[in-house]
Structure formats: structure tokens, C-alpha cells
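One letter stands for each residue in the lines below.
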Amino acid sequence: MTQTLVSAASGALLATGEGGPGLHSVPATGVFDATWLVIALPLLGAAVLLLGGRRTNRFGHWLGTLLAVGSFFVGLALFSAMLDASDADRSVNQHLWDWVSVGSFQAEVGLHLDQLSMVFVLLITGVGSLIHIYSIGYMEHDENRRRFFAYLNLFLASMLLLVLANNYLLLYVGWEGVGLASYLLIGFWQHKPSAATAAKKAFLMNRVGDLGLAVAIFLMFTTFGTFSFDQVLSGNAQASGGTFTGIDLMLLLAACGKSAQFPLQAWLGDAMEGPTPVSALIHAATMVTAGVYLITRSAELFNASPDAQLVVTIVGAITVLFGAIVGCAKDDIKKALAASTMSQIGYMILAAGLGPIGYAFAIMHLVTHGFFKAGLFLGAGSVMHGMNDEVDMRRYGGLRKYMPITFVTFGLGYLAIIGFPLLSGYFSKDKIIEAAFAKGGTSGYVLGSVTLVAAGLTAYYMTRVMLMTFFGRERWKEAPVGAPADWHEPHPHESPKSMTLPMIVLAFGSVFAGGLFVLHDSFVNWLTPVTGFSEGDSPFSEYAVTGMAVAMVALGALVAYVQYARREVPAVAPQGSFITVAARKDLYQDAVNEGLVMRPGQYLTRMLVWLDLRGIDGFVGGLAAFIGGTSSRVRKVQTGFARSYALSMFGGTALVVAATLMARMA
Amino acid sequence: MSGNFPWLTVLAAVPFAGALLVAAVPAGKRALAKNVALLVTLVELALAIAVTVKFSPNGDRFQLTENHTWIKQFGVHWALGVDGIGVVLILLTAVLMPVLVLASWNDADAPQVRMDGTVGDTAAPRSTHAFFALMLAVEAMVVVSFAATDIFVFYVFFEAMLIPMYFLIGGFGGAQRSYAAVKFLLYNLLGGLVMLAAVVALYVATADADLGGAGQGTFDLMRITQAVGTGELNLNPTAEKAMFLGFMFAFAVKAPLWPFHTWLPDTMTEATPGIAVLVTAMVDKVGTFAMLRYCLALFPNASKTFAPLVVTLAIIGIIYGALLAVGQTDIKRLIAYTSISHFGFIIVGIFALTSQGQSGATLYMVNHGFSTAALLLVAGFLISRRGSKTIADFGGVQKVAPLLAGTFLVAGLATLSLPGLAPFVSEFLVLVGTFSRYQAAGIVATFGIILAALYVLVLYQRTMTGPVKAGVEKIRDLNVRELVVVAPLIALLLVLGVYPKPVLDVVNPAVDDTLSQVEKTDPAPSHPIEQVAAVTPLGGNK
Amino acid sequence: MNPANYLYLAALLFTVGAAGVLLRRNAIVVFMCVELMLNATNLAFVTFARMHGNYDGQVIAFFTMVVAAAEVVVGLSIIIAIFRSRRTASVDDANLMKW
Amino acid sequence: MSSGLQLAADAADKVPAPSIEYGKLSPMLIVFGIAVAGVLVEAFVPRKARYVTHLVVALGGMAAAFGAVLALIPGVKDSGGEIAAVGAVAVDGPTLFLQGTLLLLGIVSVLLMAERKLEPGGDAFAPQAAAAPGSAQEKEAAAAGLRQTEVYPLAMFALGGMLLFPAANDLLTLFVALEVMSLPLYLLCGLARRRRLLSQEAALKYFLLGAFSSAFFLFGVALLYGYSGSVRLDRIAVATGGAMDNDALLLIGLAMVAVGLLFKVGAVPFHSWTPDVYQGAPTPITGFMASATKVAAFGALLRFFYVALPGMKWDWRPMMTGVAIVTMVVGAVIAITQTDVKRMLAYSSIAHAGFILTGMIAANEAGASSTLFYLVAYGFVTLGAFAVVTLVRDAGGEATHLSRWAGLGRRSPLVAGVFAVFLLAFAGIPLTSGFSGKFAVFQAAADGGAGSLVIVGVLCSAIAAFFYVRVIVLMFFSEPRADGPTVVVPSVMTTAAIALGVTVTVVLGIVPQPVLDLADKAALFVH
């Protein structure tokens, strides 16, 4: 814990100390030789299920689940091997094959497994396996269940590639691979136009982020001549501060796209069109946290540019509040959770922007969030499962009686996320708030305050969700306004075991993970060799911060209680203040995107379509018409009168004679 | 086989002979004609593979060379030889042809569509024989264009190719095919004729330098490039620029480079899908290939002078093509504009004058061939089932024909250069290569990847997803023949995406040689990583 | 007398003949104007022969006359044929083909 | 005055009897011989046997003449060419090359003229040319089944003139050859069986304008004679080398001679007769004129400029360059809007005259050889194209209006395909003879420093391509018309003519080497 390693050196150039904190790895041997299997197993599943077609319908879900679990066990084996290894040998590199090699541009397909990627491997395969199991029940009646599992497996493989790649180009493959899987899964119910649109939107906004990653790689290549981790992140990279800032901001852009951070946040809410297990796995626990991984992985680069780090924290701070505010106004349970996800990831990004003070806590919150948010989503899915896929919380109420397991697991997740003392969210979020203050200076105060306020807001909107869903009047018994004639009352019931089991496991994680991680600072110590660690310089004591945080949480929960437990929840959303209206409309994010990008783009496109027909083709057509017109006119000279022909000959002769004489004179 | 076996001549002759053979099949026997055509393309594929195997990547720049006097008076030799770039593109051609023949199996049997859009007399269908014979003729000419090391030979086949293409477009396409065919021919013919003037001028210049001996000029590419390198042939800058522009004009029309692109959308919209692929995947590649082989090597100084201009046009083309693709309402026209965007990438890669750019561009030619073929052919299957090219007529196809939709999506993802699929590698190389020479251009070009996602996904969304539209419900899924067409393309896209090394290994030496002819080296990294002995990276380079 | 004067006369006659071809409508007259041009040329030949002191020009003049006579045969037959079918010998009436 | 008498007195005893090298002149003599024989056939052979006899005489004679040309080649090869007939005729490489070409074109043309399977009433010619169109006599003649056979001797006379034209080594012989060539053609133009008014109009226009141009030509000859004191080309060349005074005579003279020759090749602005005459004349005659006349006239033009005026390059090149440019541009541009096949081909021939001039203007050996090559290539394509035109017929005879050709490719793919080959050759598409020829002249021009002509040539080729392509579109991509013309199956003669045309077009496109070799070796003029 007290290892204080080289932190960001301010100034134009990063001093390169010998044996810095950078990334150094040893070739994979022994158990680590099997690293590739982690990716290969789910990839195999995806291939078999996609190519096998209908023949695999019968056992597809089992195969998919089996391979996911298998991958988890390989991960566990790797983890135990890593526990046995010394610090220096924990970072291993597995070369698979040469990929692209042109001139000095050398990219390999190779894996890099260290403490950081290990955390992710376990999270992804662990939560992933649970969600596979959950989906067996959840998707039971879907005719395309096989395809669903194929996509899930594809996602696992891509996400694992993302966190295991040993260079940025290969990371990019995983990066877009998860984007593809996300696209396929959001739009899984393709017959719904809204789902197809949401999928497209997600992919496009992610592509904007990908642009950043691509440019970052270009910059690395032109600056360092390489983009492999153990070169760029070796601690020996030198460049002007501006270059580092450029690379970092481009990486941040990528992170914003993938992790739904401001200003590329707009897709996440719509992504809830996907089946709920997808929301739990991809849009809560794993994929959306890839941005945090990217920044943490690139710690060496970010440490070299305090400017870029500041921007990262600002983006994080804005998103923390943005998500929290939007979350307060959503009546759709999944969208409320999605807004919460955005906000929570804002915490992580903010923490990652703090540098060595925050990296470890960003990852820690990421993991605990993975547990409780996945649990919450699965709970929400379970509720929907029992409520005829109703998502409007105003049509819930008093469900705790009907689905007790869901209620308990969801409740534990709820307590974890608001930071109820001693549950996992309490530990991880507090650390971030502390770290934000520990940044020092004005920015430290601002960031710390933001995180505190957001903690209160989190408590508010999560309490609201909890109360509207499980407590109060059973609003679902009344027909909604404007209900179709064949409306019938839902019959809420508890979900099957395959669904509740994962929820229970995740609830355990939500409760205990945080405590485990802070015990002996085990989590921070684990990560320190990769990310570095520094205490920072907090103006407040640890207890003071905790006290403030708990107070904010209590305040938020209380307000929500007053609003939603003491008062009747109207079945139709009231008008609300202008802030509520804005929050319901996601703070006008879509309107802004439309006005700034889509509309001008559409006008430009229409103009170009017009221009293409008139402009260039018009010029050529005009030229042809001109020649044709000339032809029609000139041919009239051929009058058909022999005498006029004779005249043209006579004139021609005069010209020819004159020209000959002129040539001599000239 | 002896060392002097004329591999390349045989490679060119087989499809020619095949064309004659197909034409000679008795009139009534359509099936026989098709089978013969398919067989010929398969034989050609086998030969192309043999040539590729014979080619050793680290040997001479040009291999399997042949050189016979053809027209002494013009200083013309039947000179063939392949470098890494040529051999890869020949292989592309040979691989795509059987696929195209199979994909076009029934295209020529359908009754002709009249100019007013009505279906013509079913009793008088068009000549299946002519269709396949012409396709084979095009293949032969494309192969010669890729294999020629004599500028005249190249020119002759570059131009002659227009004629069978013209008949293929004008004889077998949609309602506006005649307009499209004429436009195709005239644009390209104009380009070719301007090039002819430059070819003649180059010959005169070589004659002045006495490169052919006895006061004669020469068209021998190797001889001229050698003379350019040694200063033996010292063109005056104005003449060099003029000749460069003459060559470049023809290639820019063919490629097509913005703003000379307007013939392509019409051609690709009106032609049958197979022919559209033939145009965009092979015939147009001759243009970009020729930029790389002829413009740069023959006119190194002019190339350097004009590189910024060409790069600018190509960048405009990338964005312009992509934006226009977004705005289209016709599936095939949309795909045509995507090709314009992609050709922008290829050209930008060539004229960035970096090894990554040029190797990437070459790889791009191959990958674009496969990805566009896949996309266009599947789109063609879709269109022929519904009888409409209008995007708005589709919707919900995924529900009724999942396999078709799935292959369409994979092809689309390749078109948007999804990592893991082949086009990603080439596109990234092109972008890196461009960025390292022209930073701003590289960034602007990178915006192309966002727009690519936009047009592909919009197309997919509108045609494949959503509720099943009226008229779509009767659409059948892919049949076996169609699967056989698409499967190898998709397999290649996947394989080349994860393991492009074999292609790159073949291409790289030729690219390095080209760059040395232009006397350009890759920009060095500004701050290469200092290799500290104590922490030698173990996994860095293998 | 200065032989140049004969040349001027020849040129004048040639021009008159050419003007006749351009101005007259009757095919026969047009044809006669052509003959006038040929005769002007003959004059020039003879004059040059005189100036150079050799016979070539004079011989050529004879050739020209013979050729002109042959031309008359052919020409008149064409004109008569066309007169028969059109009942006119006007050059301007024969303009079915144009543009 | 006295000097003239003195001269006459001298001549009486000093002028030796001219020696005539009959062997060297044999190709021309044979052709003139068969022409005269043709007249005798017309007079003495019974009507029924005339057709066959004419054919045998004409074809046999031309074949013999061709044999004579071949026999002369070794001698010319050794000596590099000789002047025969007291300086009147040059027997050298270009002469033999062009004579050989002309004889082959003549044979093909006669085959076309002799075709009797296409026209229900007989052949392409009026049964009785003297009968007024639509008159009783004409109907009578048609009913009697009269067939025109005078075309053969007429054609042979014309061909004889053509053979002499490029061989003429003095301007007088050139003039005589010009007239011998032209006069029978004037008559042949007026002999069409169908559309006789057009045919007669063509004859009249051709005749009047031809005579008019002859006058200019002759006046130019007079001026050159006045300048140099001789009409022999080599002596004129010598004279231009020496004296500096009174150049006006020389310059005006050369310009006017050029006018006469440019008229024959159909260069702008002396082209106006071409479309009308090509359209009105019987199609086999049009083919003969378009190919053979052009070959002969370009041969003469080459000899005139290369032998008589090599030192005057800087005087005539600007003028000729201008003519070449306007010829290419006007020919190509006006052809775009033509609606009659024959008329379109006429304008196309004008444009081609411009391309050939491009090679000629190079004024070097390559210029001569490339021009020779182009002429061969062009001659056969043109004949072939007009031969195809004779096949497409409806009730009114040949269906020459372009709109009638719509969908021809669907009805008779073979004929349309062949015509397409010819059109592509005209357009100069690679792998056809048209490309080889165009490349040859452009290369020569660029080499000779006429780069601007190459640029214009290239652009005009693009414009020209447009109307060739238009015809192909019409034939192949349009729906056939219900009342469209039919393609008549011709006899073996037309078939052979077309087949030869296609063969030459393709062979010269793919392996032009032998003919180029020949043209190269033949390109040396004897002085």
C-alpha cells in the first residue's frame, strides 16, 4: 500500500527512470500457455452455433453456456497460477502469430496477461457464465435462442480479446468486436424497428469513439514506431507533452464511445431495447467498462499528460451527474438502470483520470459494479419476465410478495449501489470520493463535491426504483389508460431457478466483494505493479469523507422515501418541473445530436446527391450537348447547293494560299 | 515443366480460348455453355495458383518473365512478368471469376428488360453464350493488364477490355443499361485516348534517349524505369508532368477517382450483379494497379509533385462517396458509391508514398474485390427475388430469409472494415500510411470509417430488419448454388482478416521497390522507443 | 511585250471563270466557266514555256485541251441525264442531299 | 521570238525517241489494257455472256497486275526505285506498295459491284443509265432484264488512273492520272438503280466540284512550272533548293496543287462533296471511292510533298497542320448528328483523312510508312463497312437510315457483329487495324514534332467514338422494329469481300508486324 511509485511527472517531457513502473512481461510458460484458450472457447462456441445453423438449435444454449463456463475455469486456473507466481512473473506475454507486417509497421496476434487483465478475465467469464445460465431460462421461448447464445459467445470472445491483446491494434479488434456483438444483441429482436434503430445508433456512436482509438494508434506509430504494450507502455516512451496529450485525448474519445461517457453517451439508454441479459452483461457489467480498462491500461501515457488527465476527470464528472440526473426521471426500469450505469462508469472514468491515485479504485468499483449492476439488471429482467415484459415502473408496485427471491437479490444490489455501509459499493465508491478529494487543489474539491452529490442522487433514484417496483400499491392490477381491448391483468410470479440462481450468486458478490477487496488492501496491492499507486493528498480524513458520503446517501434515500413511499405513485407520469422534463428527455441529448450532426449531415448529403447529378455529370453532359449542338449547327453549312460547296472550296483555297504565304513571312 | 514455360501467356490464353470455345458451343445448349465457362475459370484458377506457387516473394522484382518482339516498328514486345502486386491481383481475378460465373448462372437467360422497364419478349432471350464468352474475354484482358511489362501491351488490353465490358453492360442489364454502357465506354475511352497521347510522347522521349537502340524507343517498363533511375532518360519536368497527367487521367477515370467517378454508379446500377462485380472488383483495379506500377515508376518526380493533389482528390472521394452512399434510395447505386469511397482509400494509400500505404492499397484492392463481390452478389440475389432495387421496397427480410440476411450482414461488415475481417487490415494500413505522411489527410480519411458504418447499417436496417413488408414475404432464402457463391468469399474475408501475412509477404518487396523508384522512404518515428538493455521487451517482435 | 502581262491576263481569266462557277446557276454555263479556268491555265503554261524557253508548257497545254475535251464528254452526259429526269439544268435544283 | 524557232529547230534533231520501260509500267498497262478490253467486250460479246466475261477479264487482269507488282518488288528492293517513262513515272517502294493495295481493293470492289443476289431486279446499277428515272424506257429496260455491264471497264479505267496517281513523277502525269481516275468515277456515281435522283445529283456535284478543283490543281501546276521551269518533281525539288527570288509563285503554286489533292482526299474545307456523293452513289461504288481513291490520292500527296517539296517543310507544314486539325474536328463533330449510315461513314472518312494527314505531316520516313500502313488498314475496313451496308435492305432498297438499323444485332447477330468490328476499327479500339494505324501515325507525328496534332487527334477520336458507339447501341441494345429491314444473304462474292475486310481488320490489329515491315521498307521515295 505504501509503495509510492513514480507518478505523473508534470512538464513537457516524461523523465524515463530505469526500471520504471512500465509494462514488462515474460513469455508465457506452463499454465499460461493456455491463455489463448480463454478466448478460443467462446469463439468456438460462436462459430459452431453460427455455422451449424438450425441443426444446433437443440443443444446450442447448453454448448454456449458450457464453453463460457469452461472459459471461466481456464481463467481460474490462470488466476491460481498467477497467485503462485512472483510479482515479476505475473505479467506474461503469449505470441500467437504474426499478423500485419509492412515496413516498420509490425503487429502480432499476441496476448498479454497481467494482474489487470486477470481481473477482467475473471469478471467477464464469471459474470458472463452466470448470464449464460440466466439466459437459458430467460430466452426459453425465443425461437432464435441459439443465435442469441452464439452472439453472447461472440461477445465473450471479443471482450476477452480486448482485455488480453498485447498491442493496441489487436485491442482495436476486440474493441470493435464487442461493438459488433453489442450491435447484434441490441438489435436481437430485429422485427422491432426501435431495436434495429437502437442497435445502429449504438454502433455508430461507438464508431465515432473508434475513430479516436484509430487516430491514437496512428499517433503512437508515427511517434514511437510501435503500438505494442510492452514498448509504448514500457516507461521508455518519450515525446512532447502535446503528443502525449493528443494520444490521450484520442484514447479518451474511444473510451467515451464505448463507455457511454459525455458527449457520446446517447446510445446507452436506447441500447436497453436488447434482451435484459444483454443489458446486464454488456451494457452494465463488462463492455461499457472497456473505456475504463483502456485508460487504466494506458496509465503510462496518461500519466505523461496532466492536461489529458484533467479532461478525463471532467468528462467523468459531467457523466456522473448527467447519468444521475437522467436516472432520477426515468419510469422505464431498464432505462433508469442504464442511466445509473452511465453515472457509475462516470465514477470510474473520473477515478481513472486521477492517475495512480485512482486507477486501482476505478477498477475496484468496476468489479463491484459488475456484480451489483448485473444483479440489478437480472432482477429487472426477472420482474419483466413475471410482468408480461412491462418495463414502466408506474405499472409495478408491491411486487415483493410475488417474487421474493428477486426482491431480496435486487434489494441487496440496491443497497450495494447506493453505498450502504459495508456492502461492496460502499467500499469502492468511498475510495473514489476520497481519491477525488485527494487529487488536491481546486479541482480536487470540485471533483470530490461532484462525486458526493452524485452519491446522494444515486441513493435517490435507486430508492425510487426500489419503492416503485416492490412497494406501494399494486398498480398493475388496473388497466392502463388507453389499454387495448384484449388487455388482461398480468400474473406476477417468481422466475425459474436458472434465472434466480445467477441472481443469488451476484447478490453474494454485491454484498461481499467490496469487503474482500479492501481487506489488507489486497485489490490495490494486486494491481499496483501494473497501474502504480499513490496515496495522494486528501484535505479530509478517511472518516470524514465516509461520513459525508453516508450522509448524502441517507439524504437521497430519505427524499425518495418521502416522494414515493409516503405519497401515492401516479400511474401516469405528472407534468413535472422543467428539470424533470429535460431529464426525461435525457437532457435533450438526442435533440442536440440531431441538430448538430444529423440534420446538417442530411442536408449536405441531399445537396451532394443533387450536385452529383447536376454538377459533374452535368458538366460532361453539357459538354456533350455543346458538341452535339455545334454539330447540328455546323452541319447546316452543308446546304446541298453545289455552288455553296464551290464557294467553300474557293474560300478554302484562298485561306490555304494565304496560310502558306504567311508561314513564310512568319 | 521447363523453366521457360510461358506461364503468363498460357494464363492469358486460357480464358481467351475459353471464350472462343464457349462461343462455339451449339446455339441451343445453354447449360453446356455455362458449364464450359465454369470449367475454364476453374482451370484458370488452378493455373493462377500454380503461378502464385512458382512466384518466390524474395526473388527478382519481376518473375516468370517472357519477352518476344511483337511489333518491331512500334518498339513493342510481348513482354509479360509479374511482381508481387501483379501476382496477387491475378490471383484475385482468377478466384473471383468462377464465383461470378456461378453467380451469373441464370442472369443471361432471363428475358431482356426493355428501355421502358417492361420485360421483353420471353421467346427471344439473350445469348447466354455471348454473355459467358465476353466474361472470359474480360478475364483474359484483365490478366494481361496485370501481367504486362510492356506499356504498349498494357495499353492495348487496358483499352480493348472496354469493348466486351461495354457489351456485357449494355446487353444484359436493367432498363437504362444502354445509357450506362455508353457512358462507361465514352468516359473510359476518353481517358484511354488521353493516355494514348502520353504513351506516344513517352515513346518519343525514349527514342530521343535511344533506349531501344538504333534510334528506336521502347515500351519496356523495366528498361525505362531503369533508365529513369540512372538518369539515362531525363524527361524535362514539364513533359514529365504532362505525361504523368495523361496516364493518371486514364487511371483516374477507370479507378475511379473523384471527380471522374460519375460513370460508375450508372454502370453498377444497370449492369447485372455479376458484371457490376466484374467492373468494380477487377476492371477498375487495373486502374489503381496501373497508378502504382506505371505512374509512380515512370514519372517519379511528377508523382511526387502531384501526390498532394491526388491525395486531396482521393480524400474528397472517400468522404464524398460515403456521403452519397448514405443518400441513395437504390441498393446497387448505394453500393456503387461505397466503391467510390473505397477507391479513394486505395488511391490515397498509393500516393501517400509510404510502404504501409502502398502495401495496404494493394491488399485493399484484393479485399475490396472480395467484400464488394460478396455484398453485390448477395444484393443481387435479393433484388432478383423481389424484382426491385429500391431500398424502400424491402424490410424484414431477416425474418423470411435469415441466411441471406446473415451473409448480407457479413458482407456489409466487411465493407465497413470491421476488424477481424480482411478489409480492416488494408484500410488500417492505408490510414496509417497516409497519416504518417499527411496527418490531416489521414484524420479526414478516418472519418470515412464512421460514414461507412452509417451507410452499411442504414442499408441493413432498412432492408433486413423491421416488420416484413408486403412483397417481401415471398422471398426465398439462399439456395445451394448461391451459398456456394458466397461461402468462399466470406471464408476469404475471414482468413485474410486474421492472417493476411501471406499476401503481404508477397506484396511488400514490390512495394519497397516501387518506393525506391520514387526515391521515397517511410517517415521515421519522431521518438522511437529507446531500447533499454535491462528491460528488453520479450514479446515485442516475435 | 512583257510576258508577265500574259500571266496577269491568265490570272484574270481564271478568276472570271471561278466567279462564273460560283455565280451561274445553269450547269452548262458553270461547266463552261470551268473550261475557261482551264484555258486560263493553258495561257499561263504557254507563257511560262516562253519565259523558260522550253516546250514543256506548250505540250501541257495540249494535254489540257485533250483532258478538257474528255471532261466535256463526261460532263455533258451527266448534265443531260439529270436534265432528262428533272427537266432543269439548274445546279441549285439538285439539292436533295444536304446536312 | 527567234529563240522559239531555234528551239524547234534544235528539237528536230536532238530529241531522242523516248524509251519506255514497259516492264516497270506493267501493272498500269495491264489494268488499262483490260479496261480497253472491257470496252471491246461491251461491243462484241453477246449480252448474256458479257457479265461473266467482264468478271473474268477484270478479276484476271487485276490479279495479273498484282502479280506484276509482286514481280517488280525484288528489282525495286535492289535499286531502291527507278524513274521510268522518261521521268514521268516513279517505280519505287511507295508506288508498288500502293499499287498492290489498290489492286487488292480493286478486286474486292469489283466483287461487290458484281453482286447480283441482293437486288431483286439485278445488281446495284441502273439497267439503262440514259433513261430518265420513272420513265417508260426505264420500266421497259427493267422488264427486259437489262443489266449494266459498263461499270467494269469504267471501274478499270478509274483503277488505272489510281495506279498511276501515286506513281506519277511529274505534275502533268499527275494531272492526267487525276482525270483518268476521276472521269469514270463521275459516271459511276450516277448509275445507281434505286434512288436515281440522288445518284444523278451525286454525279453532278462530284463532277462540277471535281472539275473546279482540277482547275485549281492545274493552275497550281502552271505556277510551279513557272517557278521551276519543269513539272518533274525532282527538278522542282532542286529548284526550291536554289533560287530565293519570286517565291510567291512557288508558294501559291504548291498551295493550289495541294488544294487539288486535298479535294480528292476529302480534307476540310474541300470536303463538301464527300457526304453528298458517298450518300448518292451506288454503295459498291462508294466503297470503291472511299477506299481506293483515298489511297491513291494520299499516295500522290505523299509523293508531291516528300519528293518535290522536302526542303519546303517549314512552309507547308503550318498550312497542312491547320487543314489536318479542322479536318479531324469537322469530320468528327458533324458525324455525330448524322442519321444516314452512308453519310455518317462519309463524315467518318473525312475525320480519317485528318488522321492520315497527321502522319503525313510528320514529314519523315516514319510519317510515310505510317501513312502507308494506315491506308491499307483504312481501305479494307471502309470497303467492308460499305459492303455490310449493301446487305441491310427493305422494300426501297438499302435501308440506310440509321433508325432502321435498330435491333439489327438481335435479328442477325453475325452481320451486326461484323459491322461492329468495322466500327470499332474506325474508332481505333486496340486489337483492330484502326488502332494500329492510329498509333502508327500518332507515333510518327509525335516523333516529327507535331505533338499538337496528336492531342487534337486523340480528342477527336473520343468525339468520333461517340457516333460509332451510337450505331452499336442502336444495333445491339435497341428493340428490333417490327417493320425493320431484313438482312439479305449475299452471294459468295460479297461474303468474300466482307470476310477479307474482317480478316485484315483483325490481323492488322493483332499482328500488324508484317505489313508494318512492308510499309517500312516501302517508305523510301525515289528522287
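Here the structure is shown first, and the text comes after it.
Residues numbered from 1 in each chain as written. Chains lettered and ligands numbered in written order. Predicted model: local features only at pLDDT ≥ 70, side-chain atom pairs only at ≥ 80, totals over all residues. Heavy atoms only, no water.

**Here we look at the overall build of chain B**
The test is simple: Secondary structure follows DSSP: runs of H or I at least 4 residues long count as helices, runs of E at least 2 residues long count as strands, and numbering of each begins at the N terminus. Computation of the radius of gyration draws on C-alpha atoms, with the globule rule given as 2.2 Å multiplied by the number of residues to the power 0.38. Using a 1.4 Å probe on the protein chains alone, a residue whose accessible area is under 20% of its type maximum counts as buried, one over 50% counts as exposed, and one in between counts as partly exposed. Working definition of accessibility: Shrake-Rupley area with a 1.4 Å probe, residue cover restricted to the visible protein chains. Charge convention: Lys and Arg are scored as positive, Asp and Glu as negative, and His as well as the terminal groups of each chain are ignored. Taken as the charge centre is NZ of Lys, CZ of Arg, CG of Asp or CD of Glu, depending on the residue.
When helices and strands are tallied, chain B shows 20 helices and two strands. For 542 residues, the compact-globule formula gives about 24 Å, and the C-alpha radius of gyration of chain B, at 23 Å, lands near that figure. Seen through its C-alpha atoms, chain B measures out along the principal axes to roughly 70 × 65 × 45 Å. For chain B, the residues scored as buried account for 68% of the 542 residues in total. Total accessible area computed for chain B in this model is approximately 15700 Å², and 64% of it derives from carbon and sulfur atoms. Chain B carries 31 positive and 31 negative side-chain charges, and their two centres are separated by 9 Å.

**Let's talk about a nonpolar patch on the surface**
Inclusion rule: Nonpolar side chains (Val, Leu, Ile, Met, Phe, Trp, Tyr) within 5 Å and like charges within 9 Å form the patches, drawn only from residues with over 30% relative accessible area and no salt bridge. When a carboxyl oxygen of Asp or Glu lies within 4 Å of a side-chain nitrogen of Lys or Arg, that pair is called a salt bridge.
Taken together, A:Ile405, A:Ile504, A:Phe508, A:Phe512, A:Leu516 and A:Leu519 make up a surface patch of nonpolar side chains, about 580 Å² in accessible area. Take A:Ile405: it is sitting in helix 16 (residues 404-418).

**What to know about the packing of helix 5 (residues 151-160) of chain B against helix 9 (residues 237-254) of chain B**
Residues and elements named next belong to chain B. As a reminder, the rule being used: Each axis is a line fitted through C-alpha atoms, and for a helix only the stretch in contact is used; angles between axes span 0 to 180 degrees, taken between their N-to-C directions. For a crossing to be left-handed, the near helix must be turned anticlockwise from the far one by less than a right angle; the clockwise case is right-handed. A contact between two residues is defined here by any heavy atoms of the two lying within 4.5 Å. Throughout, the ten residues Ala, Val, Leu, Ile, Met, Phe, Trp, Tyr, Cys and Pro are labelled nonpolar, Asp, Glu, Lys and Arg are labelled charged, and all others, Gly among them, are labelled polar.
Close contact between helix 5 and helix 9 brings their axes to 13 Å; oriented N to C, the two are set at 35 degrees. Relative to helix 9, helix 5 is oriented so that their crossing is left-handed. Across from Ile 151, Phe 154 and Phe 158 in helix 5, the residues of helix 9 making contact are Phe 247, Ala 250, Phe 251 and Lys 254. Looking at the contact of helix 5 with helix 9 residue by residue, the class counts come to six nonpolar, no polar and one charged.

**A closer look at the side chain of B:Gln328**
Take B:Gln328: it is sitting in the loop between helix 12 (300-326) and helix 13 (331-351). Sequence-distant contacts of B:Gln328, defined by excluding residues within four places in its chain, comprise A:Val609, B:Arg333, B:Leu334, B:Tyr337 and B:Ile391.

**Thoughts on the pattern of salt bridges**
Evaluation of the coordinates by the stated rule reveals 47 salt bridges over all chains. Here D:Asp247 and A:Arg664 are joined by a salt bridge, their closest N and O atoms 2.3 Å apart. Within this pair, whereas D:Asp247 is found in helix 10 (residues 247-265), its partner A:Arg664 is found in helix 24 (residues 642-665), the two belonging to separate chains. Note on D:Asp247: relative accessible area 12%, which makes it buried. Taken together, the salt bridges that share partners define one network made up of C:Arg86, D:Glu201, D:Lys205, D:Asp276 and D:Arg343.

**A few points about the interface of chain A and chain B**
Using the following cut-off: For any pair of parts, buried area is found by adding up, for both, the accessible area (1.4 Å probe) each one loses once the two are put together. Polar contacts, as used here, are pairs of N or O atoms within 3.5 Å; protein pairs need one atom able to donate a hydrogen and one able to accept it. Residues neighboring in sequence count only if both atoms are side-chain atoms.
Residue-level contacts link 67 residues of chain A with 75 residues of chain B. With both chains or domains summed, chain A and chain B bury close to 6000 Å², and 66% of this area falls on carbon and sulfur atoms. Sorting the residues of chain A by area buried against chain B places A:Gln190, A:Arg207 and A:Phe218 first, and these three jointly supply 11% of that buried surface. Remark: the boundary between chain A and chain B carries two salt bridges. If you look at where chain A meets chain B, you find 21 residue pairs in polar contact (both at pLDDT 80 or more). Taken together, the elements giving at least two residues each to the side of chain A that touches chain B come down to strand 1 (26-27), strand 2 (92-102), strand 3 (105-113), helix 5 (168-186), helix 6 (193-224), helix 7 (229-232) and helix 23 (589-634) of chain A.

**Some words on the environment of B:Val498**
Residues and elements named next belong to chain B. Assignment of secondary structure puts Val 498 in helix 19 (residues 480-498). With a relative accessible area of 38%, Val 498 lands in the partly exposed category. Between the C-alpha atom of Val 498 and that of Leu 421, which follows or precedes it by 77 residues, the distance is 7.1 Å.

**Details of the arrangement of the chains**
The protein chains that touch form five pairs of chains, and the pair with the most contacts between them is chains A and B. Separated in space, chain B and chain C share no contact, their closest pair of C-alpha atoms being 25 Å apart.

**Here's the deal with the pairing of strand 1 (residues 63-71) of chain B**
Residues and elements named next belong to chain B. Selection criterion: We treat two strands as partners when DSSP finds at least two bridges between them.
Relative to strand 2 (residues 76-82), strand 1 runs antiparallel, the two being bridged by six bridges. Looking at the pairing, Asn 67 lines up with Ala 79 of strand 2. Taking the residues between adjacent antiparallel strands as the criterion, strand 1 and strand 2 are bridged by four residues, where Gly 75 takes a positive phi near 70 degrees.

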